[in-house]
Amino acid sequence: MKQTFAIAIGGAAGQGVATPGDIFAKIFSRRGLTLNAYNAYQSIIRGGHTLLTIRTGPEPVTNMGDRIDLLIPLNQDTMDRHLKLLTSGASCLYNSDTIRPGVAADGVQLCPLPVSELADISRNKVAQNTLAIGAGLHMMGIGFPALEEVLREQFKKKGESVVAENIGVARAGYDYAARHFTAFPNPLPKTEKRYAVLSGNIAMAMGGAAAGVKFYCAYPMSPSTGVLHWMAAHARKAGIMVRQVEDEIGVINMAIGAAHAGVRAMCATSGGGFALMSEGLGMSAMIETPVVVIDCQRAGPSTGVPTKTEQGDLWQMLGAAFGDYPRVIAAPLDIADCFKLIPEMFNLVDRFQCPGLVLCDLLLSEGRLGVDPEDLDFNPVIDRGELITSVNGNGASDVIATNGGYKRYQITESGISPRAVPGVPGHIHTAATDEHMEDGVLISDEFTNPIKRRAMMEKRMRKVAGIEAAVAPPKLRGPRDAEVTLIGWGSTKGVIEEACEILNEEGISANQLQIRWLVPLHGEAILELLRNARHTIIVENNYSGQFARYLRSETSFVPHGNIRKYDGEPFMPHHIVEAVKEQLGGKTNLSVPVHEIMV
Amino acid sequence: MATGVQRANQVTLADLKGRVDPDWCPGCGDFGVLAAIQKGLVELQIPNHNVVAISGIGCSSNLPGFINTYGMHTLHGRALAVATGLKLANHDLTVLVTGGDGDGFGIGGNHFVHTMRRNVDLLYIVMDNQIYGLTTGQTSPTSRIGMKTKSMPFGNIEAPVNPMSLALAAGATFVARGFSADQKHLTDLIKRGIEHKGFSFLDVFSPCVTYNHDNTYQWYRPRVKKLEDDPTYDATDWTAAMEKSLLWGDEIPIGRFFERTDVPALHAAEPVLNEGPLVHGDLRVPADAARAFIEELM
C-alpha cells in the first residue's frame, strides 16, 4: 500500500474550514506531494456541518481513502460526530477551551490546544484554526518555513501586521505541539515534483480554454457553477466570451448560436439544468452544429441533494432530445481527465458535427486533486473538421448571391457534410430543425418526401460508424486471470483501483475495467474483454444500476453482482473490498455499502 | 448596424429571392413583411452573405427559408437566444430575428425580456396576428378578450400582453410597430431598425386570413395611425412612447415609438470583443496567460 496521510477538518459552514484546507493543500503540493480532497457539505451558507478530507502522499492519491490520521474539529458538533472514526495511530487536535473530547479508541492521541492561552482570541476569530495548522504540521514532521511561506501569501493583502500576527499564532501552535504532542511516525518524504491543485470544474474550464473554446455561457447550478466562476474570472486573459444568462434553455440555445457562427462553444450544468437543455441538444444534432455540454451529476431525482454526488443521469443523457441522432458521451475518470477530455471532445464534435456530452459528477467537480502541471497541456491538437470559413482567400465583399453548388447537408459516404459558417459568400443556406433536404430546404416544403427523409436520416447516422472508429475501446487493468473483475464508469476509477490493490494484497486477485466512453460504448470489445472474467461486479453510485442496465441493453451482458451506493457520499475503498468479499462468499449479489461518516 | 458592413456591387431583389416560394396562405400578412425585408436590404445594400435570418417555429418562422440570406430555423420561442449567441460570436453579421406572437411572447417571453435589457444588436420582427396559425388556430398571448378559438371556444378570458409597453419597460432601445399592408412605411421602419446600433423591436400587424376573423385588414385600415404623421411626436420621449403604447381601439398608433442611441450594444460593451469578432480570434490561449493560470494553482 502506498504511504498516505489524511487530515479531516470539520466545522460549521462559515467557520473557516476551507482556509486551513487550502493552506495544507499548498504546503503539500509544494513539497512534491500529491493530494486528493473531498468536501462533504450542505446546501446552506452558514451553520450546519462541513467535513473536508485531504489525503496526501508521495504517489498518486486517487480517493479519500479509508482512514483519517488527523482530525481537526473546529466545533463540538464535529468532535461528537467523528472522533469515533479514529483508529490506533490517529490524533485529534482541538480547542480545549471550547470543545470537550468524547471517548477515543485505543491508540488515538487526543491533542488539546489551550487556544486562549496561545493567542488573542478577542481580536483573532480564527486563531484556533491557525494554531491547529501549526500544531498539525509539526506533528507531521514538516518544517515551519513551509507554513510561513504560505501564510505570507495568504494574508499578504491584509498587510504586514496581519501577516506577522498569523505567523506568530501558527508558530505558537507549532511549538506547543513540539512540547506536548507525539509526532506521527513515518513522516511523509519531500519529493522534487511540483503539483497544481485543482477541482474538476477548474480542470474542465481550463480544458475548454486549451481546446480553443471562445464562448461559454451558464446558469448557476450546483455543482457546476465553479466552471462559470473560473471562466468569468479568466475570460479576458483567455479571450473567451463568458455570459451568465436567464435560464438553461437560454444557455443551450446561445451556445449553439455561437457555435453556428463558427466558434467552439461549451456550457456546464447539473441534472435539473440539463433537463431543460434536452430540446436544444436536438437542434444541435439536427442542424449538425457541434456543441459540448457538461453535466455535473448530483444526487437526484428533482432538486435532490444539491451538495451530494451520484452517477444518476446516465439514462437522461442516453434519452436526451428524443429521436435517433449521432452523439458522443464520455465520463471523465478523474480530475486530470476532466482537463484532458475536453479538447478530445471538441475534436470529435467538430469533426462529426454533433453534440458531445460530458458526464462529470460532484465528486470530481468539487473535489480537488494534485495534478502534474505537465498534464495541463495548453497546446492540444485542435481539429475543426470540414469547416469552411472563407472562400479561397477571395476578397469576399464583391461576391454576391452566387450559391454555386454548395449544399450544406450534402449526402456523403461518411455522413459528414462540409460546413460553411454565416458570412462566407457563395455558401448561403438555412439550417433548419425541421427535416430537410441536401440544400437545407424543409422536406415539408416539397411534400414530406419519405425517400428523402430516409436518406437524410441515414446520412446523419452514418456518422456513428466514423465516431466508433475514432474512439478507442476500453482496456482491462490488472492481472489477466483475476478472481474478480470490477467494472465501473467515470469517477469511480480511483477508488476501484485502490480497492483492487487492497484485494490483491489480501490474496484476492482483482482487475478493473473502467468505462470512459458511454457512446460509443464498444460493446463488442467489452464482451471480448469480459469473456474469460471469472466473477464480474459492476460498481456505481446510483440505485438502479444505470450502467449495468445500459450494458445489458447494448450487449446482453449481465454481471455476477453489483455494488451500488446512492446515499450521496462517494465510495471508500473498504466499501468495495468488503462488498467483493461478501459476494465472492456467495452471501449476496447486490451490495449497498453503508457510509459510516455522518455528514 | 453591422460594424464592418461591406458595400457590395448591387444587391438586387432577385439576389434575395429564396430557394422556395413561401407556402403561406394567399393573403397572409407575412408576404408583405418578407417583401419589405428584401426591399430594405436592397436599399441598404447589405451583402446577403452577411445577413442571418433567425426564426423559431410557426408560420412566420418559415421566413428564413424564403429569403436568400444565411438562415437558422430554430426552436419554438428560442430564436432570440440563438441569435444572441450568434451575434456575440460574430458581431459583423447583420442579424434579423423573425417570428410570431405565440413564439415570441408566449414560450419566448423570457428570452424576449432579457434580450431587450441586454441591448443585443439585432432587429426583431414579430409578425403579430394574435393567433397560433401553424397549429391551426389557438389563442395567443396577444388575442383580445372574448376571441373565440379552437382552444378557447367560449371566448378568451385572459387579458392580452401589450408587447409595446413590455418592450419599453424592458429597456428596448428601439421600439416600433408596422402594418404589413403599408409596404413603404414598413420598409422604412425595417431599415431604421437594422441601422439602429442595439436591440430593435418591430411588432408588425400581419393578419392571418385563415384563423383570425377579428383583426383583419378591414379592421386595421381605419384604425392604424402613423406617428410619423404627427410632427409634434418626439420619439426620444420614453413616457410619450409608453402612453402611445397603451392606445388601442379606434386609434392604434404605428411607426417608430421610441429610439435612444446612448446605450452601447452588448457586443460593444464587452471588452473581449475589442479586437474584433470572436470567430476571427486566436484559438490558443497566449502562452504567458496559460502559464499564469497554472501557477495560480501551485
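Keep in mind the model is a prediction, meaning the values are calculated, not measured. (Residues numbered from 1 in each chain as written. Chains lettered and ligands numbered in written order. Predicted model: local features only at pLDDT ≥ 70, side-chain atom pairs only at ≥ 80, totals over all residues.)

A. Examining the overall build of chain A more closely. Summing up its helical and strand segments, chain A has 18 helices and 24 strands in all. In terms of overall size, chain A behaves like a compact globule, its C-alpha atoms giving a radius of gyration of 27 Å where 599 residues would be expected to give roughly 25 Å. Considering only C-alpha atoms, chain A reaches an extent of 85 × 60 × 40 Å along its principal axes. Per-residue burial for chain A yields a buried fraction of 55% across its 599 residues. Restricting the contact set of chain A to residue pairs at least 6 apart, pairs at least 24 apart contribute 73%. (Helix = DSSP H or I, 4+ residues; strand = E, 2+ residues; numbered from the N terminus. Rg over C-alpha atoms; globule rule 2.2 N^0.38 Å. Buried ≥ 20, exposed ≤ 12 C-beta atoms within 10 Å, placed from the backbone. Contact = placed C-beta atoms within 7 Å.)

B. Structural detail: the domain arrangement of chain A. All names here are of chain A. When its domains are assigned, chain A resolves into domain 1 (5–180), domain 2 (199–375), domain 3 (386–471) and domain 4 (476–591). The distance between the C-alpha centroids of domain 2 and domain 3 comes to 26 Å. Contacts between the two partners involve 16 residues from domain 2 and, on the opposite side, 16 residues from domain 3. Counting only elements with at least two residues in the side of domain 2 that touches domain 3, the list comes to α9 (248–261), α10 (271–287) and α12 (335–352). Here the side of domain 2 that touches domain 3 takes 3 residues from α10, the largest share from any one element. (Domains from an automatic or database assignment.)

C. Structural detail: the interface of chain B and chain A. The partner chain A presents 59 residues to the 54 residues of chain B that form the contact. Elements represented by at least two residues in the side of chain B that touches chain A include exactly β2 (70–73), α2 (79–89), α4 (109–118) and α10 (287–295) of chain B. Tallied by class, residues from the side of chain B that touches chain A come to 28 nonpolar, 18 polar and 8 charged. Pairing of strand β17 (residues 430–432) of chain A with β2(B), which is carried by 3 bridges, proceeds in the parallel orientation. Paired with A:T430 across the strands is B:G71, a residue of β2(B). (Nonpolar A, V, L, I, M, F, W, Y, C, P; charged D, E, K, R; others polar. Pairing = 2+ DSSP bridges.)

D. Just unusual backbone geometry, in detail. Cis geometry marks the peptide bond from A:S222 to A:P223, where omega comes out at 0 degrees. Topologically, A:P223 is positioned in the loop between β8 (213–218) and α8 (225–238). Residue A:P301 follows A:G300 across a cis peptide bond; omega there is -5 degrees. Within the element layout of this structure, A:P301 appears in the loop between β11 (291–297) and α11 (314–319). The phi dihedral of B:T136 is positive, around 75 degrees, even though this residue is not glycine. Summarising the element assignment, B:T136 is placed in the loop between β5 (131–132) and β6 (138–139). Looking at B:T136, the number of C-beta atoms within 10 Å reads 12, which means it is exposed.

E. Fine view of the nonpolar core. If you look at the biggest cluster of nonpolar residues, it comprises 251 residues, and the most contacted ones within it are A:F215, A:A255, A:A258 and B:V175. In terms of residue count, α12(A) provides more of this core than any other element does, 11 residues in total. Counting residues in hydrophobic clusters, the runner-up holds 7 residues, among them B:W24, B:I131, B:Y132 and B:Y211. (Core = buried A, V, L, I, M, F, W, Y, C linked by C-beta atoms within 7 Å.)

F. Local environment of helix α6 (residues 183–195) of chain B. All names here are of chain B. Between the first and last C-alpha of α6 there are 18 Å, a value that for 13 residues agrees with the 18 Å anticipated at 1.5 Å per step. Buried residues of α6: L186, T187, D188, L189, I190, G193 and I194, and no others. Looking at the buried side of α6, the elements it contacts are α1 (30–44), β3 (94–100), β4 (122–128), β7 (174–179), β8 (199–205) and β10 (252–259). (Expected span 1.5 Å × (residues − 1).)

G. Focus on the pairing of strand β23 (residues 561–564) of chain A. Residues and elements named next belong to chain A. A two-sided burial pattern is seen for β23, the buried positions comprising G561 and I563 on one face and N562 and R564 on the other. With 4 bridges connecting them, strand β22 (residues 536–540) and β23 associate as parallel partners. Paired with I537 across the bridge in β23 is G561. Read as a crossover between parallel neighbours, the route from β22 over helix α17 (residues 546–555) to β23 is right-handed. As judged from the 2 bridges shared by β23 and strand β24 (residues 590–591), these two strands associate in the parallel manner. Residue pairing across strands places I563 opposite S591, the latter belonging to β24. Between β23 and its parallel partner β24, the chain crosses via helix α18 (residues 573–584), and the hand of that crossover is left-handed. (Right-handed = clockwise from strand over helix to strand, strands pointing away.)

H. Broad picture of the packing of helix α1 (residues 18–30) of chain A against helix α4 (residues 127–139) of chain A. All names here are of chain A. Relative orientation of the contacting elements α1 and α4 amounts to 25 degrees, with a least axis distance of 10 Å. The angle between the axes of α1 and α4 places the two elements in the roughly parallel class. Judged by the sense of rotation from one axis to the other, the crossing of α1 with α4 is right-handed. For the pair α1 and α4, the contacting residues are T19, P20 and I23 in the first and N129, A132 and I133 in the second. Across the contact of α1 with α4, the residue classes tally to 4 nonpolar, 2 polar and no charged. (Axes fitted to C-alpha atoms, helices over the stretch in contact; angles between N-to-C directions. Parallel < 35°, antiparallel > 145°, perpendicular 65-115°, else oblique. Left-handed = near helix turned anticlockwise from the far one by under 90°.)

I. Spatial organisation of the sheet that holds strand β1 (residues 51–55) of chain B. Taken together, the 9 strands give an open sheet; going across it, the order is β17(A)-β2(B)-β1(B)-β3(B)-β4(B)-β8(B)-β7(B)-β10(B)-β9(B), and neighbouring strands pair in mixed fashion. The sheet terminates laterally at β17 of chain A together with β9 (224–226) of chain B, the two strands that pair on one side only. Sheet twist, expressed as the average angle between the axes of neighbouring strands with direction ignored, equals 20 degrees.

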